[in-house]
Amino acid sequence: LVLSRRTVRAAKFTWLAVNVCMASICFAVIQLFAISNRLRNVTETSISCRSKAFIVNMATCHIMYSHCIASICRLLSIRLPQKSIFKSARWLLSSIATSWIIGILIALPYLFLDGFACTSGNGASFLKIYTSLSTILVPIVIVALCNIFIFRHVRQSSRRIHSIGG
């Protein structure tokens, strides 16, 4: 719906916001499906609990890494404004695709080890640490560093402008 309007399609950085929204919608649908299965007391096997954990973690990674990609794209377009590649549709679409691929790859251990969705819990301690780092800590650090670099660049630019004009 958002991309149906030509003016919104022309503002390519809006695509990054749409990507975050799509990841959030994907996460919400998956959570609703998981909750409805739990309320209906659907029996689970080791394979189904692993696939459920994979899908839930993948959706969470999609949200977190879509924010990372948006921050990285914003940083590169601000720090390197003369490079038109960082403003191109190809760059943005490949960045968005990369965030979805990263989300899938990071969630892969949940297909092979019993995590939070399984009762047996083999590999649970590894997955707790792995999830904390890959799904929470790394994306937060990436977004924070990008925003710090953007803030510093904008602040230095405004100081240069004020010193020239003052």
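Assigned secondary structure in the protein chain consists of six helices and zero strands. Starting at the N terminus and ending at the C terminus, the protein chain contains elements arranged as α-α-α-α-α-α. Counting the 166 residues in the protein chain, one finds 33% classified as buried.

What follows deals with helix H4 (residues 89-107). With 19 residues, H4 extends 27 Å between its outermost C-alpha atoms, agreeing within 8% with the 27 Å of an ideal straight helix rising 1.5 Å per residue. Turning to H4, its buried residues number three or more, namely Leu 92, Ser 95, Ile 96, Ser 99, Gly 103, Ile 106 and Ala 107. Looking straight down H4, one finds its buried side chains confined to an arc of 100°; they lie on one side. In H4, the exposed positions angled more than 90 degrees off the buried face are occupied by Arg 90, Ile 101 and Leu 105.

Looking now at the packing of helix H2 (residues 14-39) against H4. For the pair H2 and H4, the least separation of the axes is 10 Å and the interaxial angle reads 20°. Classed by the angle they form, the pair H2 and H4 counts as roughly parallel. Helix-helix and strand crossings are classified by hand; for H2 and H4 the assignment is right-handed. Facing Trp 15, Leu 16, Asn 19, Ala 23 and Cys 26 of H2, the residues of H4 in contact are Ala 89, Leu 92, Leu 93, Ile 96, Ser 99 and Trp 100. Looking at side-chain class alone, the contact of H2 with H4 contains nine nonpolar, two polar and no charged residues.

If you look at the biggest cluster of nonpolar residues, it comprises seven residues: Trp 15, Leu 16, Ile 69, Ala 70, Cys 73, Leu 92 and Ile 96. Among the elements that take part in this core, helix H3 (residues 46-79) stands out by supplying three residues, more than any other. Filtering out sequence-adjacent residues up to four positions away, Ile 96 remains in contact with Trp 15, Leu 16, Asn 19 and Ile 69.

The share of residues in the protein chain with pLDDT of 70 or more is 83%, and the mean pLDDT across the chain is 83. Across the protein chain, H4 holds the top mean pLDDT of 90, while helix H1 (residues 6-10) sits lowest at 64.

Reading the values: rules and limits
- Residues numbered from 1 in each chain as written.
- Predicted model: local features only at pLDDT ≥ 70, side-chain atom pairs only at ≥ 80, totals over all residues.
- Heavy atoms only, no water.
- Helix = DSSP H or I, 4+ residues; strand = E, 2+ residues; numbered from the N terminus.
- Buried < 20%, exposed > 50% of the residue type's maximum accessible area, 1.4 Å probe, protein only.
- Expected span 1.5 Å × (residues − 1).
- Arc of directions from axis to C-beta.
- Axes fitted to C-alpha atoms, helices over the stretch in contact; angles between N-to-C directions.
- Parallel < 35°, antiparallel > 145°, perpendicular 65-115°, else oblique.
- Left-handed = near helix turned anticlockwise from the far one by under 90°.
- Contact = heavy atoms within 4.5 Å.
- Nonpolar A, V, L, I, M, F, W, Y, C, P; charged D, E, K, R; others polar.
- Core = buried A, V, L, I, M, F, W, Y, C linked by side-chain atoms within 4.5 Å.
- pLDDT = per-residue confidence, 0-100.

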